[in-house]
2 protein chains.
Amino acid sequence: MKIGDLARRTGLTAHTLRYYERIGLLPRASRDSSGQRNYDASILVWIEFLGRLKTTGMPIRDMLRYAKLRARGAATEDARRVLLQQHRAKVQAHVAELKACLTVLDTKIAGYAAGASKVEVDDDATAIRPAGKIRARPARARGN
Amino acid sequence: MKIGDLARRTGLTAHTLRYYERIGLLPRASRDSSGQRNYDASILVWIEFLGRLKTTGMPIRDMLRYAKLRARGAATEDARRVLLQQHRAKVQAHVAELKACLTVLDTKIAGYAAGASKVEVDDDATAIRPAGKIRARPARARGN
DNA sequence: GCTTGACTTCGAGCGCGCTCTAACCTGTAG
DNA sequence: CTACAGGTTAGAGCGCGCTCGAAGTCAAGC
């Protein structure tokens, strides 16, 4: 499979696929006689999984850590499981947060629908600092 | 209330608060005799709401559209309701997507936990292109 | 008077995740 | 032989949402 086909199948652009290979998210694809990438269909599974991680908000650097563990084989399965479990917890927390926001949105929408310039809609007095986001600045540590 | 206090109360930095004012997300704060911003406590409600929008993934340019409608008063309530309803739908869809991803994660984690290098964990053959993301490039239209 | 700390404006810089351009190469159809 | 589609690389550029630095002002406390 050539890069254009893979692009069509995954919904990513060829540019993005090359970019992913460059940074190590995708393994270096084998090349044909004229240097063009030739993909095995099995890559689709991996790319889809990457898509899930991306959808759930995992930053590329973390996907990269996972990818590198994966590349090192079965010995890293524990580490990978831990990584996914931590990510899962974050996603779950985020879903809960979103649901809370949804009810706030619903309240506000209901206010607009019912009130029609009769109720003071802009002041629903909920407390600030909703879920303990204490501004712990991420500390920008790099180093793979 | 001075900007530092507001920063502490909201969890945003003073830098960010000034930035928000600059771009129009926050109304221009009144200044005291020496030019320092003096905030009314009512701003907290608005900032919290902005936080909800941000948490739910609304881009700043959309918050800006909402903020400008809000600034124009009660006549824009219909438009604001529509805007929030559209956003709500997106958020709900995103939550559904995340939940689907959670079950995928769970499957994979379970595979690692049970298998321990006995099952082939890296090939759960789910179909690619999970939720009809057809690569409609956003079309980058600017203009407020 | 002097230091300290919190504020002001303006504008540059950054991290992220792509996205695109330029210049070039290759295989196939007409 | 020519045209064209689609591939290659290296590297620059972009949109987003901040984040920070420089240089200056101001008020309070010692």
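Above: the structure in question.
The text that follows walks through the structure, step by step, so that each part is easy to find. (Residues numbered from 1 in each chain as written. Chains lettered and ligands numbered in written order. Predicted model: local features only at pLDDT ≥ 70, side-chain atom pairs only at ≥ 80, totals over all residues. Heavy atoms only, no water.)

## What about helix 3 (residues 43-55) of chain B?
Residues and elements named next belong to chain B. Here helix 3 contains 13 residues, and its C-alpha end-to-end distance of 18 Å stays within 8% of the 18 Å for a straight helix at 1.5 Å per residue. Those residues of helix 3 not exposed but buried are Ile 43, Leu 44, Val 45, Trp 46, Ile 47, Glu 48, Phe 49, Leu 50, Arg 52 and Leu 53. Looking at the residues trailing helix 3, positive phi occurs at Gly 57, about 85°. (Helix = DSSP H or I, 4+ residues; strand = E, 2+ residues; numbered from the N terminus. Expected span 1.5 Å × (residues − 1). Buried < 20%, exposed > 50% of the residue type's maximum accessible area, 1.4 Å probe, protein only.)

## Quick notes on the packing of helix 3 of chain B against helix 4 (residues 60-71) of chain B
Residues and elements named next belong to chain B. Two numbers describe how helix 3 lies on helix 4: the axes approach to 11 Å, and their chain directions differ by 150°. As for how helix 3 packs across helix 4, the hand of that crossing is right-handed. Packed against helix 3, whose contacting residues are Trp 46, Phe 49, Leu 50, Leu 53 and Lys 54, the element helix 4 presents Met 63, Tyr 66, Ala 67 and Arg 70 at the interface. Of the residues assigned to the contact of helix 3 with helix 4, the class counts are seven nonpolar, no polar and two charged. (Axes fitted to C-alpha atoms, helices over the stretch in contact; angles between N-to-C directions. Left-handed = near helix turned anticlockwise from the far one by under 90°. Contact = heavy atoms within 4.5 Å. Nonpolar A, V, L, I, M, F, W, Y, C, P; charged D, E, K, R; others polar.)

## Observations regarding the packing of aromatic side chains
In total, this model carries eight aromatic pairs over all chains according to the counting rule given. Between Trp 46 of chain B and Tyr 66 of chain B the ring centres are 6.0 Å apart and the planes differ by 15°, which places this aromatic pair in the stacked class. Here the residue Trp 46 of chain B occupies a position in helix 3, and Tyr 66 of chain B occupies one in helix 4, the gap between them amounting to 20 residues. Taken individually, Trp 46 of chain B and Tyr 66 of chain B each receive the classification buried, so the pair is uniform in this respect. An aromatic cluster of at least three residues, connected via ring pairs, comprises Trp 46, Phe 49 and Tyr 66 of chain A. The ring of Phe 49 of chain B has Lys 108 of chain A lying over it, and the distance from NZ or CZ to the ring centre is 4.6 Å. (Phe/Tyr/Trp six-rings, centres within 6.5 Å; stacked < 30°, edge-to-face > 60°. Lys NZ or Arg CZ within 6 Å of the ring centre and 35° of its normal.)

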